[in-house]
Amino acid sequence: MLIAVSLPKIAGGVVLTLKLLVVSLLTGTLLGIGAALMRISGNRLLAWPSFAYSYVFRGTPMLVQLFIIYYGLSQFEWLRNSMVWPILREPFWCAVIALSLNCGAYSAEILRAAIRGVDQGLHEAGRALGLTTRQRFLFITTPIAVRLALPAYGNEMIGLLKGTALVSMIAMNDITGVARTIVAKTFAPYEIFIAAAIVYLSITWVIQHGIRLAELHFNRYIKK
Amino acid sequence: MSSAWVESFLWGSLLIVRVFSVALILTVVWGMLGASAKMSKNWLLRRVANIYTSVFRGTPELLVVLILYFGSAITLTWLVKLVNPDVKFVDIPPFWAGALAISLIVGAYATETFRGALQGIDAGQTEAARTLGLTRWQIFAYVELPQMWRLALPGLGNHMTSIIKDTALLSVIGVEEITYTAEMATALTGKPFSMYMIVAGIYLCFTTLVVFSVARLETRANRYLVKSR
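Residues numbered from 1 in each chain as written. Chains lettered and ligands numbered in written order. Predicted model: local features only at pLDDT ≥ 70, side-chain atom pairs only at ≥ 80, totals over all residues. Heavy atoms only, no water.

1. Describing the overall build of chain A
To keep things clear, this is the line we draw: Secondary structure elements are taken from DSSP: a helix is a run of H or I of four residues or more, a strand is a run of E of two residues or more, and numbering for both begins at the N terminus. Each residue is assigned to one of three classes by its accessible area relative to the maximum for its type, calculated with a 1.4 Å probe on protein chains only: buried under 20%, partly exposed between the two thresholds, exposed over 50%.
Per the secondary structure count, chain A includes 10 helices and 0 strands. Mapped from its N terminus to its C terminus, chain A presents α and β elements in the order α-α-α-α-α-α-α-α-α-α. For chain A, the spread of C-alpha atoms along the three principal axes comes to 70 × 50 × 25 Å. Counting over 224 residues, chain A shows a buried share of 46%.

This is the structure in structure tokens:
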């Protein structure tokens with residue numbers, strides 16, 4: 001009963017959760033592409049910082065990253081007096097920065113693995129056809145790597161969705177934040193939290209189906 | 001004065017090790033049960049295991065921790081009140097509720113890892129074992145388990161770092177691990193950045209330790225394999 005009543009209220013948090021998810025996914029993917037290109041560049045000065053970035057952000061909890069950005073940066077007075085402070089003061093942008101950096105670190109690894117997974121014979125065939133390195137990368141490696149990266153990328157999207165729940169820890173009203181506020185008032189944790197979980201599971205389901213459709217699209221040339 | 005929070009970080013780190021140990025054991029238990037259920041001939045078991053993995057892989061970790069701790073507290077309080085109406089609040093100790101929540105989440109991922117590992121064992125191996133007259137349990141313990149261990153290790157390493165990282169969530173239910181320490185120490189020192197950077201550094205040490213240990217175990221597990229190339 002309470003589940004039915006609380007669902008519309010929780011729906012209010014869905015907008016914020018989806019906003020965080022979409023914005024962080026876009027910037028995170030761009031970061032990930034950049035970091036993956038740096039890793040495979042063959043230049044150690046580019047590859048090493050990219051490796052360190054992935055390693056640190058994948059090796060520490062996202063909650064701690066979020067706290068460093070949201071609570072930690074206020075320690076520096078020069079930063080508080082600078083032009084970027086109006087952005088860094090906002091929980092929303094702190095959350096977007098933390099989520100994007102995290103998503104970028106994982107996407108970089110996924111893309112790197114996908115690029116490495118492209119059959120070596122295809123490169124050789126491309127070279128035999130007289131394609132330049134850039135042409136080979138754009139027309140041979142990229143389309144195949146995208147196809148190979150899709151399943152892992154779908155999991156990363158779901159991981160990011162679950163990560164957005166952490167913003168309730170910096171007092172934002174996303175799905176989990178709204179649920180926690182209602183629980184504090186009604187003290188009915190089962191109903192409210194399970195209602196919130198159902199909302200998350202529905203979003204997860206939509207993502208999974210979207211990825212499946214995309215896989216079908218990208219794999220359409222592959223014989224069964 | 002300053003040594004007080006340094007010591008708290010040490011105790012908090014020790015607590016992470018304790019949560020990790022308990023959660024890892026439970027994760028392997030849920031993972032093995034889940035994998036067996038998914039591969040069983042009984043459709044009901046398969047159904048239950050599928051629901052388990054999709055629910056726990058699709059719900060945010062924070063929400064699972066909250067549901068398990070506050071949900072169990074409400075239920076327990078209600079039960080105890082039936083016997084003794086004067087009791088105000090009873091809960092599962094946050095340590096156990098937290099370790100259980102983490103293990104259930106990571107156990108859902110481990111289910112898939114273990115299932116993949118069991119399916120990855122050459123069918124000829126189990127057939128040979130059956131021909132030799134080994135019982136089902138013997139086949140599992142002497143043929144399947146040693147071989148699936150090798151195949152499951154890389155995945156299990158990832159799950160272990162997940163367990164480590166998920167312990168950071170437990171400050172929300174009052175487990176006094178290092179994220180909680182940092183909050184207290186910030187109030188004392190007024191240096192949130194330094195305090196949370198210490199936390200990040202400790203976590204990075206833990207995850208690095210896990211990654212290196214698993215790499216060592218992998219070389220050990222693969223020592224009988226002839227190297228190709």
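2. Details of the packing of helix α2 (residues 43-58) of chain B against helix α4 (residues 94-120) of chain B
Residues and elements named next belong to chain B. We apply this condition: Note on method: axes are straight lines fitted to C-alpha atoms, helices fitted across the in-contact stretch only, with angles between N-to-C directions ranging 0 to 180 degrees. Here roughly perpendicular refers to angles of 65 to 115 degrees, roughly parallel to angles under 35, roughly antiparallel to angles over 145, and oblique to all remaining angles. Two helices cross in a left-handed way if the nearer one is turned anticlockwise from the farther one by less than a right angle. They cross in a right-handed way if the turn is clockwise. We call two residues in contact whenever any of their non-hydrogen atoms come within 4.5 Å of each other. Residues are sorted three ways: Asp, Glu, Lys and Arg are charged, Ala, Val, Leu, Ile, Met, Phe, Trp, Tyr, Cys and Pro are nonpolar, and all the rest, Gly among them, are polar.
At a minimum axis distance of 8 Å, the contact between α2 and α4 shows a crossing angle of 125°. The pairing of α2 with α4 is recorded here as oblique in orientation. In the packing of α2 onto α4, the handedness of the crossing is left-handed. Seen from α2, the contacting residues are Tyr52, Thr53, Phe56 and Arg57; seen from α4, they are Ser103, Leu104, Ile105, Gly107, Ala108, Tyr109, Thr111 and Glu112. For the contact of α2 with α4, the class distribution of residues is 6 nonpolar, 4 polar and 2 charged.

3. Things to note about the environment of Ala101 of chain B
Residues and elements named next belong to chain B. Within the fold, Ala101 resides in helix α4. Taking the relative accessible area as the measure of exposure, Ala101 reaches 0% and is therefore buried. Taking C-alpha positions, Ala101 is 9.6 Å from Leu170, a pair spaced 69 residues apart along the chain. Once residues lying within four places of it in the same chain are set aside, the contact partners of Ala101 are Val64, Val65 and Leu68.

4. Side note on the side chain of Thr186 of chain B
Residue and element names in this part refer to chain B. What counts here: Any N or O atom pair separated by 3.5 Å or less is treated as a polar contact, with the protein-specific requirement of one donor-capable and one acceptor-capable atom, and with residues adjacent in sequence counted only for side-chain atom pairs.
Mapped onto the elements, Thr186 comes out in helix α7 (residues 178-189). For Thr186, a relative accessible area of 18% puts it in the buried group. A distance of 2.7 Å separates the side chain of Thr186 from the backbone oxygen of Ala182, its partner in a polar contact. The residues touching Thr186, leaving out its near neighbours within four places in the chain, are Lys191, Pro192, Met195 and Tyr196.

5. As for the layout of surface pockets
Residues and elements named next belong to chain B. Worth spelling out the cut-off: Put plainly, a pocket is an open set of points on a 1 Å grid over the protein atoms alone with protein on both sides within 12 Å along at least five of seven lines, a cavity is a set where a 1.4 Å probe fits but cannot get out, and a lining residue has an atom within 4 Å of a point. Grid points are joined across faces, edges and corners, and a volume is the space filled by probe spheres set on the points.
The space that makes up the second largest pocket amounts to roughly 700 Å³. Those elements giving two or more residues to the lining of the second largest pocket turn out to be α4, α5 (123-131) and α6 (136-166). For the lining of the second largest pocket, the element with the most residues is α6, which contributes 5 residues. Considered class by class, the residues forming the lining of the second largest pocket number 7 nonpolar, 4 polar and 5 charged.

6. Things to note about the state of the cysteines
Think of a disulfide as a covalent bridge from one cysteine sulfur atom to another cysteine sulfur atom. Residues and elements named next belong to chain A. Here is the rule we go by: Criterion for a disulfide: a pair of cysteine sulfur atoms within 2.5 Å.
Under the criterion given, the structure shown has 0 disulfides over all chains. Free of any disulfide, Cys94 has its nearest cysteine sulfur in Cys103, 18 Å distant. For Cys103, a relative accessible area of 0% puts it in the buried group.

7. Here we look at the packing of α6 of chain B against helix α8 (residues 192-221) of chain B
All names here are of chain B. Closest axis-to-axis distance for the α6/α8 pair is 10 Å, and the angle between their directions is 170°. As the angle between them shows, α6 and α8 are arranged roughly antiparallel. Residues Arg150, Leu153, Pro154, Gly157, Met160, Thr161, Ile164 and Lys165 of α6 pack against Tyr203, Phe206, Thr207, Val210, Val211, Val214, Leu217, Glu218 and Ala221 of α8. Here the residues of the contact of α6 with α8 are counted per class, giving 11 nonpolar, 3 polar and 3 charged.

8. Some details on the environment of Arg46 of chain B
Residue and element names in this part refer to chain B. Positionally, Arg46 belongs in helix α2. Taking the relative accessible area as the measure of exposure, Arg46 reaches 33% and is therefore partly exposed. The sequence separation of Arg46 and Gly34 amounts to 12 residues, and the corresponding C-alpha distance is 8.6 Å. For Arg46, the contacting residues outside a window of four places in its chain are Ala37, Lys38, Ser40 and Lys41.

9. Some remarks on the packing of aromatic side chains
Spelled out, the test is: Centres within 6.5 Å are what make two rings of Phe, Tyr or Trp a pair, Trp counting through its six-membered ring; a difference in plane orientation under 30 degrees is then read as stacked, over 60 as edge-to-face, and the rest as tilted. Lysine and arginine charges are scored as sitting over a ring when NZ or CZ, respectively, is within 6 Å of the ring centre and within 35 degrees of the ring normal.
One pass over the structure, following the stated rule, counts 14 aromatic pairs over all chains. Between the aromatic rings of Phe51 of chain A and Tyr55 of chain A, the centroid separation amounts to 5.8 Å while the plane-to-plane angle is 25°, which identifies the pairing as stacked. With Phe51 of chain A and Tyr55 of chain A both in helix α2 (residues 44-59) and 4 residues apart, the pair spans about one turn of that helix. What links up through ring pairs into an aromatic cluster is the set Phe67, Tyr70 and Tyr71 of chain A together with Tyr196 of chain B. Here the basic side chain of Arg18 of chain B rests over the ring of Phe95 of chain B, its NZ or CZ set 4.9 Å away from the ring centre. It is Arg57 of chain B that lies over the ring of Tyr109 of chain B; its NZ or CZ is 5.7 Å from the centre.

10. Digging into the interface of chain A and chain B
Interface size is often expressed as the accessible area that is lost when the parts come together. Operational definition: Computed with a 1.4 Å rolling probe, the buried area is the accessible surface lost when two parts are put together, summed over both parts. Whenever Lys or Arg places a side-chain nitrogen within 4 Å of a carboxyl oxygen from Asp or Glu, that contact is recorded as a salt bridge.
Taken together, the 35 residues of chain A in the interface contact 36 residues of chain B. With both chains or domains summed, chain A and chain B bury close to 3000 Å², and 77% of this area falls on carbon and sulfur atoms. A salt bridge links Glu61 of chain B to Lys162 of chain A, with the nearest nitrogen and oxygen atoms 3.6 Å apart. At the junction of chain A with chain B, the criterion picks out 11 residue pairs in polar contact (both at pLDDT 80 or more). Per-element accounting of the side of chain A that touches chain B gives the leading share, 9 residues, to helix α10 (residues 189-218) of chain A. Of the residues belonging to the side of chain A that touches chain B, the class tally is 24 nonpolar, 8 polar and 3 charged.

Keep in mind these values describe shape, not function.
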